[in-house]
Amino acid sequence: MNLSRRNMLKAGAAALVTAPLTTKADANDFWNQHRRPIPQSMKDGPSSALDASGVVTMPARQVPVYRKCDVLVVGGGIAGWAAALAAARAGSKTILLERDEALGGLWSNGGVLILLSTGFMQDGKYFQTTRGFTDELEKRLLAMGPHGITARKDDKRLWHPTADPEALKIALEEMLAEAGCEVLYRCHGIDVVQDGNALKGAVVETKEGRLAVLARQVVDATGDGDVLFQAGENYQQYLHGVGFTWRIGGYDKMDLVKLRKAGLWGGGEEPCSDTRWYGEFGVPMNCFDVAGISKVLAKHRRTAWKCAEDIRKVPGCESAHLVWTATQVGIRGARTLDGLKSIDRAWAKADKDEGDTVAFMGADAKSPRGSRVPYGCLVPKKVDNLLVAGRCASCADDMVDLFRLIAPCLVTGQAAGAAAAVAAQKSLAPRNVPVKEIQNLLLKQGAYLG
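This section reports on the structure supplied with the text. (Residues numbered from 1 in each chain as written. Predicted model: local features only at pLDDT ≥ 70, side-chain atom pairs only at ≥ 80, totals over all residues. Heavy atoms only, no water.)

## What to know about empty space enclosed by the protein
Counted according to the given criterion, the structure contains 1 cavity of 30 Å³ or more. A volume near 40 Å³ is recorded for the largest cavity. Lining the largest cavity, in full, are T129, V358, A359, F360, V411, Q414, A415, L442, A447 and Y448. Going through the elements one at a time, β18 (357-361) and α12 (406-426) are the ones with two or more residues in the lining of the largest cavity. (1 Å grid on protein atoms, 1.4 Å probe; cavity = no way out; pocket = protein on both sides within 12 Å on 5 of 7 lines; lining within 4 Å. Points joined across faces, edges and corners; volume = space filled by probe spheres on them. Helix = DSSP H or I, 4+ residues; strand = E, 2+ residues; numbered from the N terminus.)

## Considerations on the environment of M254
Its location among the elements puts M254 in the loop between β12 (240-249) and α8 (256-261). Dropping the residues within four chain positions of it, M254 is found in contact with L259, I311, G316, C317, S319 and A320. (Contact = heavy atoms within 4.5 Å.)

## Considering the layout of surface pockets
Roughly 290 Å³ of volume is contained in the second largest pocket. Lining the second largest pocket we find 17 residues, and of these R157, L158, W159, H160 and P161 sit closest to its centre.

## Focus: the state of the cysteines
Scanning the model with the defined rule gives 0 disulfides in all. No disulfide involves C272; its sulfur sits 17 Å from the nearest other cysteine sulfur, which is in C317. We note that C317 lacks a disulfide partner, and the nearest cysteine sulfur, in C307, lies 11 Å from it. (Disulfide = S-S within 2.5 Å.)

## Looking at the packing of aromatic side chains
Tallied over the full model, the rule gives 8 aromatic pairs. Note on F120 and F127: the rings are 5.3 Å apart at their centroids and 35° apart in plane angle, and the pair reads as tilted. A relative accessible area of 22% places F127 in the partly exposed class. Overall, the relative accessible area of 1% leaves F120 in the buried class. An aromatic cluster of three or more residues is present, and its members are F120, F127, F360 and Y448. Positioned over the ring face of Y66 is R67, at 4.3 Å from the centre of the ring. In this structure, R335 packs its charged tip against the face of F229, placed 4.0 Å from the ring centre. (Phe/Tyr/Trp six-rings, centres within 6.5 Å; stacked < 30°, edge-to-face > 60°. Buried < 20%, exposed > 50% of the residue type's maximum accessible area, 1.4 Å probe, protein only. Lys NZ or Arg CZ within 6 Å of the ring centre and 35° of its normal.)

## Details of the pairing of strand β10 (residues 209-220)
Of all 12 residues that make up β10, 9 are buried, and the element is covered over most of its length. With 8 bridges joining them, strand β3 (residues 65-74) and β10 adopt parallel strand pairing. Counterpart to L72 in the pairing with β10 is V218. In this sheet, β10 lies alongside strand β9 (residues 198-206) in antiparallel orientation, the contact comprising 6 bridges. What sits directly across from V204, in β10, is L211. (Pairing = 2+ DSSP bridges.)

## Quick notes on the nonpolar core
In this structure, L72, I78, W81, L97 and L137 are the most contacted members of the largest nonpolar core, which totals 95 residues. In terms of residues, this core owes the most to one element, α12, which gives 14 residues. In this structure L72 touches I95, L97, G201, A202, V213, A215, Q217, V218 and V219, once residues within four positions along its chain are discounted. Listed in part, the 25 residues of the second largest apolar core include I248, A308, C317 and V329. (Core = buried A, V, L, I, M, F, W, Y, C linked by side-chain atoms within 4.5 Å.)

## Here we look at the packing of helix α4 (residues 78-89) against α12
One way to put it is that α4 packs onto α12 with a least axis distance of 7 Å and a crossing angle of 35°. For the element pair α4 and α12, the recorded crossing hand is right-handed. Contacts from I78, A79, W81, A82, A83, A86 and A87 in α4 reach I406, C409, L410, G413, Q414, G417, A418 and A421 in α12. Taken together, the residues of the contact of α4 with α12 sort by class into 12 nonpolar, 3 polar and no charged. (Axes fitted to C-alpha atoms, helices over the stretch in contact; angles between N-to-C directions. Left-handed = near helix turned anticlockwise from the far one by under 90°. Nonpolar A, V, L, I, M, F, W, Y, C, P; charged D, E, K, R; others polar.)

## Regarding helix α13 (residues 435-444)
For α13, every residue scored as buried is listed here: I438, Q439, L441 and L442. Around the axis of α13, the buried residues are gathered within 165° of arc, so they sit on the same side. Counted as exposed and oriented over 90 degrees from the buried face of α13: K436 and K444. Its buried side turned inward, α13 meets β18 and α12. Positive phi appears at G446, one or two residues downstream of α13, with a value of about 90°. (Arc of directions from axis to C-beta.)

## Considerations on the packing of α12 against α13
Between α12 and α13, the shortest axis-to-axis distance is 9 Å and the interhelical angle comes to 125°. Taken together, the axes of α12 and α13 lie oblique to each other. The handedness of the crossing between α12 and α13 comes out as right-handed. Where α12 abuts α13, its residues Q414, A415, A418, A419, V422 and K426 lie against E437, I438, L441 and L442. (Parallel < 35°, antiparallel > 145°, perpendicular 65-115°, else oblique.)

In short, geometric facts, not functional conclusions.
Have a look at this one:
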């Protein structure tokens, strides 16, 4: 539907969203009326200097305070999303900072579309441990239509749904907006604001320059442990596989029997029948090696293109085409907190309730009953006003591959967000918050704690 010139001028920029301009004349007229100069951005200080010895020195500069809040969550992957939702629903003024331009992390931007470790099998039936937010999100995606998420089929096997990444991004944003959480995109956390051992907020790099966001409590949901690293907290660092995913379309017209006979994998199931997702594990490497990651990304994109080419060579599969490559590289392991508590596979197998469970991860190949997550796995030993969530939680190296999965990230994120809200409301350091109060809040939010 075209807009008249008068209606366009009345509607302003919102007209582009509510009724797209369909002719060149409409578009030119609209922009000619609305294009105008605005105040220029101001450089926030002198440039870095290069001295005679070849050393670059950055000058001291003042950073303006952009926002203040009760709970600041750094990282908008699924752990950060759950942390922000838990804190906001608990009544805390919450801000979520994300370096990219959509929420969901590796589940959406990274294209790892399958939700693993949602529960375990018990007496031949599926028992879900990742409840609450997981169930709400599933219902939201199902309500968006047949292409939102794959529906559950029965309770005689583990539930491993796959979501459409675009539907997922919208659902995540909507749920945070309804809870009153502010999301700020294109904010790359580069430093922390700290008073002794107490964290007071974060400094982010933006197109407007460096800005500070102050908070009573901070949740590190970066996955890589960037905040705990910048705050000087102790951690372990790992080499792990750096993977990559892509999506291939045209499956509704392909002969999948011939594809399998040719020895090619048919891809991962998606809600939409004409698209499937693929992935490459990648070689173990240091994910902070900028040059190395850059080379790996270029290699993975060539691999994705060749995958579609190879499928097209199979008779009956000529419709295959590459429709998308991940906008976020698949980091599996980086830094993990050296927290008040650390758990390993033997501890998980024992399934001992020590009274401090704040999350319950579902099963994987090595832990068929999943694992409890004690509160201490999310709490640093030294730095105050900081909690962690997701794959940077405190654990032994044999547990990294369970903590990093999407459903476990979701439940540890909810636990960290709930704990941050209680700590902010009581003006306590997280290590001093009574665990029972965190557990009570989590149970009200639908979490399963064993």
